[in-house]
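Given next are the chains, with one letter for each unit.
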Amino acid sequence: MIGSGRHIERPSRIAPFFYGLTFSCLLFFCCTLLNAQETPKVYGEADTTVIKIGEQIKYSIFVEADTTDQVIFPEGQTFSPLETVEAFKTDTTRSGSRMMLQKMYALTQFDSGFYKLPVQRIDINGKGYFTDSLLIAVNTVPVDTVNQGMYDIKPLMEVDRNYSDLWKIILWGLLSLILLAAVLYWFVFRKKPLTEEEKAALLPPYDRALLELKKLENSRYLIQDDYKQYYSELTDILRSYLEEDVHITALESTTGQLLLKIELMRDAGELKLDDQTLEQFRRILETADLVKFAKSKPDPSAAQRDRDIVEEIVVKTHEGIPEPTEEELQLQEEYREQQIRKKELRKWYIAAASLALLMITSAVFAISYYGFGYVKDSVLGHPSKTLLEGEWISSSYGFPPVRLQSPEVLLRQQDEIKPENKALIQQEQNFEFSLPDHWFVMGTISQTLNEQKAPEVQKDIDELLKKWTDLGARNLITKQEEFTTGNGVKGIKIYGSGSFREPGGSDTRRGQYAIFIFGGEGFQQQVYLSWLEDDPYAKEIVERVINSIEVKTES
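A brief report on the enclosed structure follows.

Cut-offs and rules
- Residues numbered from 1 in each chain as written.
- Predicted model: local features only at pLDDT ≥ 70, side-chain atom pairs only at ≥ 80, totals over all residues.
- Heavy atoms only, no water.
- Helix = DSSP H or I, 4+ residues; strand = E, 2+ residues; numbered from the N terminus.
- Buried < 20%, exposed > 50% of the residue type's maximum accessible area, 1.4 Å probe, protein only.
- Contact = heavy atoms within 4.5 Å.
- Pairing = 2+ DSSP bridges.
- Axes fitted to C-alpha atoms, helices over the stretch in contact; angles between N-to-C directions.
- Salt bridge = Lys/Arg side-chain N within 4 Å of Asp/Glu carboxyl O.
- Core = buried A, V, L, I, M, F, W, Y, C linked by side-chain atoms within 4.5 Å.
- Phe/Tyr/Trp six-rings, centres within 6.5 Å; stacked < 30°, edge-to-face > 60°.
- Lys NZ or Arg CZ within 6 Å of the ring centre and 35° of its normal.
- Parallel < 35°, antiparallel > 145°, perpendicular 65-115°, else oblique.
- Nonpolar A, V, L, I, M, F, W, Y, C, P; charged D, E, K, R; others polar.
- Patch = residues over 30% accessible without salt bridge, like charges linked within 9 Å, V, L, I, M, F, W, Y side chains within 5 Å.
- Areas by Shrake-Rupley, 256 points an atom, 1.4 Å probe, with all protein chains shown as cover.

1. Observations regarding the overall build of the protein
Consideration 1: The number of helices and strands found in the protein is 13 helices and 21 strands.
Consideration 2: Considering the protein as a whole, with its 555 residues, one finds that 32% of them fall into the buried category.
Consideration 3: Here the contacts in the protein between residues at least 6 apart in sequence split such that 59% fall between residues at least 24 apart.

2. Points about the sheet that holds strand 8 (residues 113–117)
Two orientations exist for strands paired in a sheet by backbone hydrogen bonds: parallel and antiparallel.
Consideration 1: Spatially, the three strands line up as an open sheet ordered 2-11-8, and their pairing is mixed. What marks the edges here is a single partner per strand, and that holds for strand 2 (50–52) and strand 8. Neighbour-to-neighbour, the strand axes of the sheet open up by a mean angle of 30°, direction not taken into account.

3. Some words on the pattern of salt bridges
Consideration 1: Counted by the stated rule, this structure contains 13 salt bridges.
Consideration 2: Between D306 and R283 there is a salt bridge; the shortest N-O distance is 3.0 Å. Within this pair, whereas D306 is found in helix 8 (residues 300–320), its partner R283 is found in helix 7 (residues 275–293), the two being separated by 23 residues in sequence.
Consideration 3: Judged by relative accessible area, D306 falls into the buried class, the value being 3%.
Consideration 4: The class for R283 is partly exposed, based on a relative accessible area of 35%.
Consideration 5: Bridged by salt links that share partners, the residues K214, E217, R307, D308 and E311 form one connected network.

4. What about the nonpolar core?
Consideration 1: Y231, L242, L258, I262, F281 and V314 are the most contacted members of the largest nonpolar core, which totals 33 residues.
Consideration 2: At the level of secondary structure, the elements contributing two or more residues to this core comprise helix 4 (205–217), helix 5 (227–246), helix 6 (255–267), helix 7 and helix 8.
Consideration 3: Considering each element in turn, this core owes the most residues, nine residues, to helix 5.
Consideration 4: In contact with F281, not counting residues within four places along its chain, are L238, L242, L258, L259, I262 and I313.

5. Focus on the packing of aromatic side chains
How two aromatic rings sit relative to each other is set out by the distance from centre to centre and by the angle between their planes.
Consideration 1: For the structure on display, the rule yields eight aromatic pairs.
Consideration 2: Put simply, the rings of Y59, F79 and Y105 pair up and form one aromatic cluster.
Consideration 3: The lysine or arginine in question, K493, covers the ring of Y495, its NZ or CZ lying 4.8 Å from the ring centre.
Consideration 4: One residue, R544, lies across the ring of W392, its end atom 4.0 Å from the ring centre.

6. Description of the sheet that holds strand 10 (residues 127–130)
Consideration 1: Taken in spatial order, the three strands make up an open sheet running 4-9-10, and their pairing is antiparallel. With one partner strand each, in any of the chains shown, strand 4 (71–72) and strand 10 form the two edges of the open sheet.
Consideration 2: In this sheet, strand 9 (residues 121–124) lies alongside strand 4 in antiparallel orientation, the contact comprising two bridges. Along strand 9, the bridge assignment pairs V71 with I124.

7. Quick look at the packing of helix 4 against helix 8
Consideration 1: Interhelical geometry of helix 4 versus helix 8 gives an angle of 175° and a closest axis separation of 11 Å. Compared by their axis directions, helix 4 and helix 8 come out roughly antiparallel. Seen from helix 4, the contacting residues are Y206, A209, L210, L213, K214, L216 and E217; seen from helix 8, they are Q304, R307, V310, E311, V314, V315 and H318.
Consideration 2: In terms of residue class, the contact of helix 4 with helix 8 is made up of eight nonpolar, two polar and four charged.

8. Here's the deal with the pairing of strand 7 (residues 98–108)
Consideration 1: Across the eleven residues of strand 7, eight count as buried, placing the element largely inside the fold.
Consideration 2: With eleven bridges connecting them, strand 3 (residues 56–66) and strand 7 associate as antiparallel partners. Paired with D66 across the two strands is R98, which belongs to strand 7.
Consideration 3: Where strand 5 (residues 83–87) and strand 7 come together, four bridges link them in antiparallel fashion. The residue of strand 7 that forms the bridge with T84 is L107.
Consideration 4: Across five bridges, strand 6 (residues 91–95) lies against strand 7 in antiparallel orientation. Within strand 7, the residue paired with R94 across the bridge is M99.

9. Quick look at a nonpolar patch on the surface
Consideration 1: Residues L179, V183, Y185, W186 and F187 make up a contiguous nonpolar surface patch of about 580 Å² in total accessible area.
Consideration 2: The residue L179 is located in helix 2 (residues 166–189) in this model.
Consideration 3: L179 sits in the exposed class, given a relative accessible area of 57%.

Functional significance is not addressed by these values, which are geometric in nature.
See the structure below:
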């Protein structure tokens, strides 16, 4: 309305435009920051795509990434069907905030053909990136079979056995023996320093009695008013001397019995003692009885005089013993020698007992750890165990070749082809090793057929079972399944058990057998084994042989 004086403002269109422009700038800036971190680049290269059998390919994986990225390359046999021979260290080249990583692998293949090297995954910060696959051609090595003749297997060569672990066994044995010898020397054979008591015990009875009386004189029994102990030791010294030197049972005799025995010896002329000495002897014993049993307490000076009197009795008694005759001296010398021999023999008994204890302890430990059967076979010997733990041989036999490991070299068998089989078999080579006394047999047969056709496997199986039956085998149980060798060749496994006759005898024992048959157009290969059912070592041998079988499927 004209003249109203009111002013109405309209909304501005500049603010929305400004807000939109600001948002676009921010979005462009964020995209620029995101693009600043470039995407990692991964690719692989091979130095060649055509090799001969056994040659190596150098295959490299290149990764271009930021220096802060965590890159994990493939490890192990990820290039199958090609085999990884070696994976080299990663080579790193840095340029600013970027780095170039190169990981090289050495690859090979031992069979001719065309192989696809698969794509490889490289983890970068937990995300997988992949290389391209490659086609690798593996060519055969041409063999001149026209100008170069075929030769038979070389003769056997004697080789030295491997005794690399023998020194360990000898070392432990020597250490055990040295330890045992040191213990025996220290505690049995060593001349140990004697104690005072042992030195006194080795003295003659007369000298020992005087020594003990001297010790009693220097004792403190009288000072301590211990008269009972004093007279007990005094009479024990006298009685022990009489028992050892005069040969009177004095320790177990009463005073009256002992005096009577001395008088009888004096009357018989076996001991020269005067009446005064005998009377002194009587008085000393009676005084000792009063002190010990009646609690009498003599004067200290009288007790000292009694010790001197006992010493005098010992001296006179020693002098009163008649000189031994030559025969008695000889008997005494023989007795001493006998005692020395007994002492030495006792030392050897202790040594033998210690050695026996060591052997028994070792045997108990070995039996508890390895079992009785294993220890018995280790000590007494077992042919199958010896084969299992010996040095094995890996070799090829016949043509087409059969390669396997065996505890002994298989020997060529001079078997003639049967007349009824000559029309079918052109050439046959048989190699075998056996332990007839322990019913173990293993061998290989390689046959070249006259016609280029597949062999009649079932016919061969029937002939082999008939051959065993003719040799006395009974109750044969036969099973059949497919078998694949370590190098991927498929064949047939015939296995089972039965009662087999002892070679050259009539006894039969339960055994097991396994036959492996391979073949193709114009050839056939066989591996056969038989062993006792209860022979644990033979089972391990068979398992190791079976795992090592490799055959060629081309003639």
